[in-house]
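Listed below are the residues making up each chain.
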Amino acid sequence: MDKFITAKEAAALIKDGMTVMVGGFLANGTPNRIIEEMEKSGVKDLTIICNDTGYPDRGIGRLVVSGQIKHVIASHVGTNPVTGEKMNSGEMKVTFYPQGTLAECVRAGGAGLGGVLTRTGLGTIIEEGKEKIMVDGVEYLLEKPLRADVAIIGGTICDEAGNIVYKGTTNNFNQLMAAAADLVIAEPEQIVKVGEIAPEQVHTPAIFIDKIVK
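Residues numbered from 1 in each chain as written. Predicted model: local features only at pLDDT ≥ 70, side-chain atom pairs only at ≥ 80, totals over all residues. Heavy atoms only, no water.

Draft legend 1. Layout of the pattern of salt bridges. A full pass over the atoms with the stated rule returns 11 salt bridges. Across the pair Glu127 and Lys132 runs a salt bridge, and its minimum N-O distance is 3.2 Å. In this structure Glu127 comes out as buried when scored by relative accessible area, which is 19%. Using a relative accessible area of 38% as the deciding quantity, one classes Lys132 as partly exposed. Between Arg147 and Asp182 there is a salt bridge whose closest N-O contact spans 3.3 Å. You can see Arg147 sitting in the loop between strand E8 (138-143) and strand E9 (148-159) and its partner Asp182 sitting in strand E11 (residues 181-192), a full 35 residues away along the chain. The class for Arg147 is partly exposed, based on a relative accessible area of 39%. (Salt bridge = Lys/Arg side-chain N within 4 Å of Asp/Glu carboxyl O. Buried < 20%, exposed > 50% of the residue type's maximum accessible area, 1.4 Å probe, protein only. Helix = DSSP H or I, 4+ residues; strand = E, 2+ residues; numbered from the N terminus.)

See below:
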C-alpha cells in the first residue's frame, strides 16, 4: 500500500476540533512542513499534545500565534511568550504536565494502560482534581493515559513501508506518539527502499505509520 502524501495532503487530514499529538523538542524533530501547511489551511479549535510550544516563528508556536489552538497540553511553554500571553488572557487553555509524566501518559495511551501512578506533583497544583491512590502505604497521583485523533511525527530515516529510525533530537516524543493516535503521519528527513534499514535498527515499525510525507 502506498502511504506517500504531500505535506499539504497531510494537513488536510487534520480537521477542526481534533486532538493532535506533535513530536519533537523546541522545533527539533518536529514535522515542521506539516505544521506550515496546517497554518495555511486555517484548521482551528485544535487540542495539541506536545512537549512544548516551540518559538513564535518555529514549530507548534506558529499555530499558537495564528490562533488555531484552543488547548495545549505540554510540559514547557517558556520559549514562546505568545503562549503565556494567550494563557493569561484566557484566549487559550494550557494544561501542564511534568515532562516525565507527560511522556509516560502518552506511553500509557499507546500501550492501552489505564494510567500511570506517580508521586511527582503531589502537594502542588498538579494534583488538583486528580485521584490519589495508596500503594503499600505510599500515596500516588493517578495520571490518566493520553491519546489523540492524529499524531504528526518527525523521523530521521524512513523506508517506503514506514519503518522509522530516529537519531538525536528526532527521537523526542516521536516514538511514543507513534503508538498513541488513531492516525499517524510521519515526516522523515530521508526515505530509503525497504530492506535498507536493518530490522534491529527500527525504532517505530511500519504497522504504526499510516501516512508518510514525501
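Draft legend 2. Representation of the sheet that holds strand E7 (residues 132-135) in the model. Reading across the sheet, the 3 strands line up as E6-E8-E7 and stay open at both edges, with antiparallel pairing between neighbours. Two strands in the sheet have a free side with no partner beyond their single neighbour: strand E6 (116-118) and E7. Sheet twist, expressed as the mean angle between neighbouring strand axes with direction ignored, is 40°. Alignment of E7 against E8, held across 4 bridges, turns out to be antiparallel. Pairing of Met134 across the sheet is with Glu139, part of E8. (Pairing = 2+ DSSP bridges. Axes fitted to C-alpha atoms, helices over the stretch in contact; angles between N-to-C directions.)

Draft legend 3. Inspection of the side chain of Thr156 at higher detail. With respect to the secondary-structure elements, Thr156 resides in strand E9. Non-local contacts of Thr156, meaning those with residues more than four positions away in its chain, are made with Val165, Tyr166, Lys167, Thr170, Pro188, Glu189 and Gln190. (Contact = heavy atoms within 4.5 Å.)

Draft legend 4. Representation of the nonpolar core. Core analysis: the largest hydrophobic core is formed by 28 residues, its most contacted members being Ile14, Met38, Ile48, Ile69, Ile152 and Ile185. Counting 24 residues, the second largest nonpolar core, distinct from the first, contains Ile73, Tyr97, Cys105 and Ala148. (Core = buried A, V, L, I, M, F, W, Y, C linked by side-chain atoms within 4.5 Å.)

Draft legend 5. Region of interest: the pairing of E11. Of the pairings in the sheet, the one linking E9 to E11 comprises 10 bridges and is parallel in character. Paired with Val150 across the strands is Leu183, a residue of E11. Sheet analysis places E11 next to strand E12 (residues 211-213), joined by 2 bridges and oriented parallel. Directly across from Ile185, in E12, lies its bridge partner Lys211.

Draft legend 6. Summary view of helix H2 (residues 32-41). The complete set of buried residues in H2 reads Ile34, Ile35, Glu37 and Met38. All buried residues of H2 lie within an arc of 165° about the axis, which places them on one face of the element. Following H2 by one or two positions, Gly42 adopts a phi angle in the positive range, close to 80°. (Arc of directions from axis to C-beta.)

Draft legend 7. Region of interest: the environment of Ile69. When you line up the elements, Ile69 lands in strand E4 (residues 69-74). Put simply, Ile69 and Glu91 are 22 residues apart on the chain and 9.4 Å apart in space, counted from C-alpha to C-alpha. The residues touching Ile69, leaving out its near neighbours within four places in the chain, are Leu46, Ile48, Ile60, Leu63, Val64 and Met92.

Draft legend 8. Spatial organisation of the side chain of Thr30. Tracing the chain through its elements places Thr30 in the loop between strand E2 (19-22) and H2. We classify Thr30 as buried; its relative accessible area is 9%. Of the polar contacts made by the side chain of Thr30, one reaches the backbone oxygen of Gly23; its length is 3.0 Å. Thr30 has contacts with Val22, Gly23, Gly24, Phe25, Ile35, Gly59 and Glu187, leaving out every residue within four places of it along the chain. (Polar contact = N/O pair within 3.5 Å; in protein donor to acceptor, adjacent residues only side chain to side chain.)

Draft legend 9. Summary view of the packing of aromatic side chains. In this structure the tally under the stated criterion is 0 aromatic pairs. In this structure, Arg58 packs its charged tip against the face of Tyr55, placed 4.2 Å from the ring centre. Geometry around Tyr97 places Lys130 over its ring, the cationic atom sitting 4.9 Å from the centre. (Phe/Tyr/Trp six-rings, centres within 6.5 Å; stacked < 30°, edge-to-face > 60°. Lys NZ or Arg CZ within 6 Å of the ring centre and 35° of its normal.)

Draft legend 10. Structural detail: unusual backbone geometry. Residues other than glycine seldom take positive phi values, yet Ala27 does so here, at roughly 70°. Tracing the backbone through its elements, the reader meets Ala27 in the loop between E2 and H2. Despite not being glycine, Asp136 has its phi angle at roughly 50°, a positive value. Of note, Asp136 is situated in the loop between E7 and E8.

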